[in-house]
Amino acid sequence: MTDVPRSHPRYESLMTRARVEEGVRSGLVSMQGLIAHGRGEAFDYLLGEGTIPPAAEAERAAAAHLLLARNPVLSVNGNTAVLVPDELAALQKALRCKVEVNLFHRTEERVRRLAAFLEAHGCERVLGEGAQPTIPGLDHERGRSTVEGIFSADVVLVPLEDGDRCQALRDMGKTVVVVDLNPLSRTAKSASVSVTDNVRRAVPAITREVEALRGDRAACERVAKAFDPARNLRETMDFIAARLRALG
Ligand code: PTJ
């Protein structure tokens, strides 16, 4: 990894870049993942590289939906795997749920590598190998899912993706929780809950909320019902606009 002193003002950001770079070298992250990461960094700058209040509200709503679910599944791509492998294992443990590798730039070899990488970091029985085209309306590789995982899930967590899978999963009647730094992405706009936060902050925050809400079904139902995705995205845009005005 790059030798960056902890005192560097962008230490966390530079170390995160190094993780993604290393992920490309080891065949876990696609080359396109570097571009996706750059786009995310730009939006993170606009947020001030911290969890903004609407994101904190969305993280609580995400936890509530995941706790209320019958079969919640964490969908993981290359970037997400290298950015938060231990944190995904902690969330899986907290929810006792399934984890499934789902890729846009899919090869069976990459799915196998990612599953082995996640299991080495504590995730259990990672699904995704041999997934079949099962999601109606998707002609690309993200349309593959396993029957016991994403296909039969009622709530799916989808981090770091801009595309048409979120809408396709919603059309199947699923609740989709996304983590995307870009509040303008197709995925963010079509989600049941969109968390506009860096996946590095969002996954641990959702786990903390799961721990806080666990065992209180009434509270989970209240939090999930009170969440309005359109209002939350508006508040996110207002936050970014106000920050830009204050800086300008
Ligand atoms: O591993 P694969 O083959 O499934 O490919 C994964 C990538 C990420 C390459 C693929 O899904 C892709 O091309 O994604 P997009 O369309 O570039 O969308 C990625 C979205 O994630 C963008 O809206 C980014 O702003 C956002 N993003 C990037 N980094 C982060 C992020 N959101 C949260 N946390 C991040 N660290």
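Look up a bit, the structure's there.
Residues numbered from 1 in each chain as written. Predicted model: local features only at pLDDT ≥ 70, side-chain atom pairs only at ≥ 80, totals over all residues. Heavy atoms only, no water.

On to the overall build of the protein. For the protein, the helix and strand inventory stands at 11 helices and seven strands. The C-alpha atoms of the protein give 17 Å as radius of gyration, which agrees with the globular expectation for 248 residues (18 Å, within 12%). Based on the C-alpha atoms only, the size of the protein along its principal axes is roughly 50 × 45 × 35 Å. Across the 248 residues that make up the protein, the buried fraction comes to 53%. (Helix = DSSP H or I, 4+ residues; strand = E, 2+ residues; numbered from the N terminus. Rg over C-alpha atoms; globule rule 2.2 N^0.38 Å. Buried < 20%, exposed > 50% of the residue type's maximum accessible area, 1.4 Å probe, protein only.)

Evaluated as defined, the whole model comprises 19 salt bridges. With its nearest N and O atoms 2.8 Å apart, the salt bridge here joins Glu148 to Arg125. Of the two residues, Glu148 sits in the loop between strand 4 (144-145) and strand 5 (155-159) while Arg125 sits in the loop between helix 6 (108-120) and strand 3 (132-133), which places them 23 residues apart along the sequence. For Glu148, a relative accessible area of 35% translates into the label partly exposed. Residue classification places Arg125 among the exposed residues on the basis of a relative accessible area of 55%. Here Glu161 makes a salt bridge to Arg142, at a shortest N to O gap of 3.5 Å. Placement of the pair is Glu161 in the loop between strand 5 and helix 7 (165-171) and Arg142 in the loop between strand 3 and strand 4, with a sequence separation of 19 residues. With respect to burial, Glu161 and Arg142 carry one shared label: buried. Each of Arg39, Asp162 and Arg186 takes part in a single network of salt bridges with overlapping partners. (Salt bridge = Lys/Arg side-chain N within 4 Å of Asp/Glu carboxyl O.)

A few words on the site of the ligand. Near the ligand there are 24 residues, and of these Phe104, His105, Arg110, Arg142 and Asp180 occur at the shortest range. A distance of 2.7 Å is found between an oxygen atom of the ligand and a side-chain nitrogen or oxygen belonging to Arg110. Take Asn198: an N or O atom from its side chain is 3.0 Å from a nitrogen atom of the ligand. Alone, the ligand offers 740 Å² of accessible surface; in the complex the protein occludes 95% of this. (Near = heavy atom within 4 Å. Polar contact = N/O pair within 3.5 Å; in protein donor to acceptor, adjacent residues only side chain to side chain. Areas by Shrake-Rupley, 256 points an atom, 1.4 Å probe, with all protein chains shown as cover.)

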